Amino acid sequence: MLPKINTIIYACDLENQTQAAMELVLNLANLHKAKIILMHVMEPLNAQASNMINNYISEEVIVSMRKEAQKDIHNRMEQMLSNYMQQHVEELSTLEYPPETLITSGAPSDCIQQIAKAQNADLIVMNSRTHSRLGQMILGSTANKVIHNSTIPVLVVPIK
């Protein structure tokens, strides 16, 4: 029996060039009658930046700024979904489930895999930008880390 796709995690960085991946995710969800979870990971500050900020800003202000950033990201995700749903209203009228959004914090590759496992996802979809070979060797990329550590299929949509 062919594998069934019931839940799709779309790990999105909310950059402007995500149209191809978003359309693909919506199309796959529509074809498979699958649930979509559009997720974004807020990366933590490195230790040096965190120490510098803590020296100048109170804890209450930092918490408030983080909440405001999460609210802004949530609004951007909802706006992006709304735009795609309106652009393709006829094609997407048969979606089984309304797309969900999720914002989490941590190391992106770890968070993506944790959410995929927690949501019992059947497919992870990600964007990937073209990086130099040296950049990939030294830093690696989130997509690369997820591909090599995931226990479920990962579909990477290139952004050029």
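Quick caveat: nothing in here was measured; it's all calculated off a predicted structure.

Moving on, we come to the environment of asparagine 54. Counting through the fold element by element, asparagine 54 comes out in helix α2 (residues 47–56). According to the relative accessible area criterion, asparagine 54 is partly exposed, its value standing at 40%. Beyond its immediate chain neighbours, meaning those up to four positions away, asparagine 54 contacts Glu59 and Ile62.

Here we come to the pairing of strand β2 (residues 35–42). Burial within β2 is extensive, with seven of its eight residues counted as buried. For strand β1 (residues 7–11) and β2, the ladder comprises five bridges, and the chain directions are parallel. Pairing of threonine 7 across the sheet is with lysine 35, part of β2. One ladder, built from six bridges, connects β2 with strand β3 (residues 100–105); its direction is parallel. By the bridge assignment for β3, isoleucine 37 is matched with glutamate 100.

A few words now on the pairing of β1. Counting buried positions along β1 yields five of five residues, so the element is predominantly enclosed. The alternating pattern of β1 places Thr7, Ile9 and Ala11 and Ile8 and Tyr10 on opposite faces, both of which are buried.

Take the pattern of salt bridges next. Applying the stated criterion to the full structure yields one salt bridge. For the salt bridge of lysine 35 with glutamate 100, the shortest nitrogen-to-oxygen distance reads 3.9 Å. Remark: glutamate 100 occurs in strand β3 and lysine 35 occurs in strand β2; sequence separation between them is 65 residues.

Relative to the 20 Å expected for 14 residues at 1.5 Å per residue, helix α1 (residues 19–32) spans 20 Å between its end C-alpha atoms, a close match to the ideal helical length. Every buried residue of α1 is accounted for by Ala21, Met22, Val25, Leu26, Leu28, Ala29 and Asn30. One or two steps after α1, the chain reaches lysine 33, where phi turns positive at roughly 55 degrees.

The next point concerns the environment of isoleucine 159. On the secondary structure map, isoleucine 159 appears in strand β5 (residues 154–159). In the structure, isoleucine 159 is positioned 36 residues away from leucine 123 in sequence and 19 Å away in space, judged by C-alpha atoms.

The next point concerns the packing of α1 against helix α3 (residues 59–87). Interhelical geometry of α1 versus α3 gives an angle of 65 degrees and a closest axis separation of 11 Å. Accordingly, the angle class assigned to the pair α1 and α3 is roughly perpendicular. Read as a crossing pair, α1 and α3 show a hand that is right-handed. Only Met80, Leu81, Tyr84 and Met85 of α3 make contact with α1, whose side of the interface consists of Gln19, Met22, Glu23 and Leu26. Residues belonging to the contact of α1 with α3 are distributed by class as follows: six nonpolar, one polar and one charged.

Thresholds applied
- Residues numbered from 1 in each chain as written.
- Predicted model: local features only at pLDDT ≥ 70, side-chain atom pairs only at ≥ 80, totals over all residues.
- Heavy atoms only, no water.
- Helix = DSSP H or I, 4+ residues; strand = E, 2+ residues; numbered from the N terminus.
- Buried < 20%, exposed > 50% of the residue type's maximum accessible area, 1.4 Å probe, protein only.
- Contact = heavy atoms within 4.5 Å.
- Pairing = 2+ DSSP bridges.
- Salt bridge = Lys/Arg side-chain N within 4 Å of Asp/Glu carboxyl O.
- Expected span 1.5 Å × (residues − 1).
- Axes fitted to C-alpha atoms, helices over the stretch in contact; angles between N-to-C directions.
- Parallel < 35°, antiparallel > 145°, perpendicular 65-115°, else oblique.
- Left-handed = near helix turned anticlockwise from the far one by under 90°.
- Nonpolar A, V, L, I, M, F, W, Y, C, P; charged D, E, K, R; others polar.

Such coordinate-based values are descriptive only and should not be taken to indicate function.
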